[in-house]
Amino acid sequence: MTPLRKPLCAVLTPVGRQRLPSGQPVDFDALYTTLIEPAIVAAGMTPLRAGEEAVGGGVHAPLHERLLLCDYAVVDLTGESAAAFYQLGLRDGLRPATTVTLVGEVGD
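Residues numbered from 1 in each chain as written. Predicted model: local features only at pLDDT ≥ 70, side-chain atom pairs only at ≥ 80, totals over all residues. Heavy atoms only, no water.

*Asks:* Account for helix α3 (residues 82-94), with residues named and values stated.
*Replies:* For α3, which comprises 13 residues, the first-to-last C-alpha distance of 19 Å matches the rise-based estimate of 18 Å (1.5 Å per residue) to within 8%. Every buried residue of α3 is accounted for by Ala84, Gln87, Leu88 and Arg91. In an axial view of α3, the angular spread of the buried residues amounts to 105 degrees, which keeps them on one side of the axis. The outward face of α3, more than 90 degrees from its buried face, is lined by the exposed residues Ala82, Tyr86, Gly93 and Leu94. Measuring from the backbone nitrogen of Ala83 back to the side-chain oxygen at the start of α3 gives 3.2 Å, which picks out Ser81 as the cap. (Helix = DSSP H or I, 4+ residues; strand = E, 2+ residues; numbered from the N terminus. Expected span 1.5 Å × (residues − 1). Buried < 20%, exposed > 50% of the residue type's maximum accessible area, 1.4 Å probe, protein only. Arc of directions from axis to C-beta. Polar contact = N/O pair within 3.5 Å; in protein donor to acceptor, adjacent residues only side chain to side chain.)

*Asks:* How would you sum up the pattern of salt bridges? Please name residues and give values.
*Replies:* Side chains that differ in charge, positive against negative, can pair when their charged atoms come close. The full count for this structure, using the stated rule, is 3 salt bridges. A salt bridge links Arg17 to Asp27; the shortest N-O distance between them is 3.5 Å. Highlighted residues: Arg17 in strand β2 (residues 17-19) and Asp27 in strand β3 (residues 25-27), separated in sequence by 10 residues. Residue class for Arg17 comes out exposed when judged on its relative accessible area of 70%. For Asp27, a relative accessible area of 24% translates into the label partly exposed. For the salt bridge of Arg49 with Asp29, the shortest nitrogen-to-oxygen distance reads 3.1 Å. Of this pair, Arg49 sits in strand β4 (residues 46-49) while Asp29 is found in helix α1 (residues 28-42), placing the two residues 20 residues apart along the sequence. (Salt bridge = Lys/Arg side-chain N within 4 Å of Asp/Glu carboxyl O.)

*Asks:* Give me the sheet that holds strand β1 (residues 8-12): which residues, what numbers.
*Replies:* Ordered by their spatial adjacency, 4 strands build an open sheet running β4-β1-β5-β6, and the pairing between neighbours is parallel. In this open sheet, the two strands that pair with only one neighbour each are β4 and β6 (99-102). For this sheet, the mean inter-axis angle between neighbouring strands, taken without regard to orientation, is 20 degrees. Here 4 bridges tie strand β5 (residues 72-76) to β6, and the two strands are oriented parallel to one another. Note that in β6 the partner of Val74 across the bridge is Val100. In this fold α1 packs onto β1, β4, β5 and β6, with an angle of close to 150 degrees to the strand it touches most, β4. (Pairing = 2+ DSSP bridges. Axes fitted to C-alpha atoms, helices over the stretch in contact; angles between N-to-C directions. Contact = heavy atoms within 4.5 Å.)

*Asks:* Any chance you could break down unusual backbone geometry for me, citing the residues and the numbers?
*Replies:* In the Ramachandran plot, Glu80 falls in the positive-phi region, its phi being about 55 degrees despite a non-glycine side chain. With respect to the helices and strands, Glu80 occurs in the loop between β5 and α3. Assessed through its relative accessible area of 56%, Glu80 is described here as exposed. Within the chain, Ala97 stands out as a residue other than glycine whose phi angle is a positive 65 degrees. Its location among the elements puts Ala97 in the loop between α3 and β6. Residue classification places Ala97 among the exposed positions, given a relative accessible area of 78%.

Listed below in structure tokens is the structure:
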């Protein structure tokens, strides 16, 4: 008998500290480690954040492979990145109803 594997959840979020178009600073690494990752683990899944592993030849091929093959995905659209919208479109087109989108609220 083989043990059941936990579902994999691809996570696409901006990395590091960035400024939103409004100028508000956001620490996306802290958001991931304090909110997103614990929620995925609590749901019984294994999170795989894009760009966390060092891979030769760039991150696009592994990122797209993970995005399309993982059981579930979380995509953060807070930074209004065109790449994030594109990746969400790919994911939703091939694996509908398996993705959670996040958009942060800009404070005053």
